[in-house]
Amino acid sequence: MAARLIDLSPGDMQQRLREALAVYVDAMHYPRGTEDQRASMWLEHIRRRGWKAVAAIDVPDVPDPQALPSSAPLLGIAYGYCGSPDQWWQQQVVSGLKRSGVDGARITELMTSYFELTELHIHPQAQGRGLGEALIRRLLDGRSEQYVLLSTPEINGEGNRAWRLYRRLGFTDVIRGYHFAGDPRAFAILGRPLPL
Ligand SMILES: CC(C)(COP(=O)(O)OP(=O)(O)OC[C@H]1O[C@@H](n2cnc3c(N)ncnc32)[C@H](O)[C@@H]1OP(=O)(O)O)[C@@H](O)C(=O)NCCC(=O)NCCS
């Protein structure tokens, strides 16, 4: 399996939405049908300021003119956009920061200019080959924001690939053990200054 990284235009993302959501559901081990709940949200995200998406696609080892990148199977997907005060995620993070006792100046500093790394998923059969790191690097390359922020489920001992990747890339704790409204799981909000 050989992989190539590509940028996805808004049109590409719309076209490949079902495939991208299938990678997401398989990577996160979510039940089938989760795709349907997320589809409209992922489409709405495309319209947000600074939206960018990248993908890893499976390309034949020997170049084959019949297998154009536009039709090659998706192995991984990552996207994000500029954070802004009208977004639910930012409102949740701000309320978490306040509850954690973080002072207003620090909150403003963090929230004024950041890229939200919203989704990053590699198909289970393609994990553990460095594709996740390659996608983050491509996604964050050349961003003008001061920070990158993300949320990831808490896991015992930070013992999964996502945590290892974020720590390796220098992400530090912004909030730990946070409960987003309506979700029983605990999340960590992690961040780091840009550029990576
Ligand atoms: C988290 C995730 C995106 C990380 O992507 P990944 O491609 O699996 O992992 P990384 O890019 O960090 O690569 C790390 C692994 O690849 C190996 N690797 C790194 N560079 C490599 C290279 N050039 N060639 C081969 N292997 C390489 C490393 O040894 C490491 O292996 P290890 O974890 O077994 O020690 C992916 O595992 C995933 O989708 N997980 C499930 C969904 C998820 O948790 N998403 C994030 C939610 S916030």
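Scroll up a little and you will see the structure.
Quantities reported herein were computed from a predicted structural model and do not represent experimental measurements. (Residues numbered from 1 in each chain as written. Predicted model: local features only at pLDDT ≥ 70, side-chain atom pairs only at ≥ 80, totals over all residues. Heavy atoms only, no water.)

A. Structural view of helix H6 (residues 131-140). Counting buried residues along H6, 7 of its 10 residues qualify, which places the element largely inside the surrounding structure. Every buried residue of H6 is accounted for by Leu-131, Gly-132, Glu-133, Leu-135, Ile-136, Leu-139 and Leu-140. The inward-facing, buried residues of H6 abut strand S1 (2-8), strand S2 (52-59), strand S3 (74-82), strand S4 (114-122), strand S5 (147-153) and helix H7 (161-168). Just beyond H6, the residue with positive phi is Gly-142, at close to 80 degrees. (Buried < 20%, exposed > 50% of the residue type's maximum accessible area, 1.4 Å probe, protein only. Helix = DSSP H or I, 4+ residues; strand = E, 2+ residues; numbered from the N terminus. Contact = heavy atoms within 4.5 Å.)

B. Examining the site of the ligand more closely. Around the ligand sit 20 residues in total, of which Ile-122, Gly-128, Gly-132, Glu-133 and Arg-161 are the nearest. With respect to the ligand, the backbone of Arg-129 contributes an N or O atom lying 3.3 Å from an oxygen atom. For the ligand, the accessible surface in isolation is 950 Å², of which the surrounding protein chains cover 67%. Put simply, the parts of the chain that give the shell around the ligand at least two residues each are helix H2 (17-28), S4, H6, S5 and H7. Examining the composition of the shell around the ligand, we find that 6 residues originate from one element, H7, more than from any other. Of the residues in the shell around the ligand, the class split is 8 nonpolar, 7 polar and 5 charged. (Near = heavy atom within 4 Å. Polar contact = N/O pair within 3.5 Å; in protein donor to acceptor, adjacent residues only side chain to side chain. Areas by Shrake-Rupley, 256 points an atom, 1.4 Å probe, with all protein chains shown as cover. Nonpolar A, V, L, I, M, F, W, Y, C, P; charged D, E, K, R; others polar.)

C. Layout of the sheet that holds strand S6 (residues 172-178). Here we have 7 strands laid out as an open sheet, ordered S1-S2-S3-S4-S5-S7-S6, and mixed in their pairing. Edge positions in the open sheet fall to S1 and S6, since each of these has one partner strand only. Taking the axes of each pair of neighbouring strands and ignoring which way they run, one obtains an average angle of 20 degrees across the sheet. For S4 and S5, the ladder comprises 3 bridges, and the chain directions are parallel. Pairing of Tyr-114 across the sheet is with Tyr-147, part of S5. In the packing of helix H4 (residues 88-99) onto the sheet, contacts are made with S4, S5, S6 and strand S7 (187-193), and the angle to S6 comes to roughly 90 degrees. (Pairing = 2+ DSSP bridges. Axes fitted to C-alpha atoms, helices over the stretch in contact; angles between N-to-C directions.)

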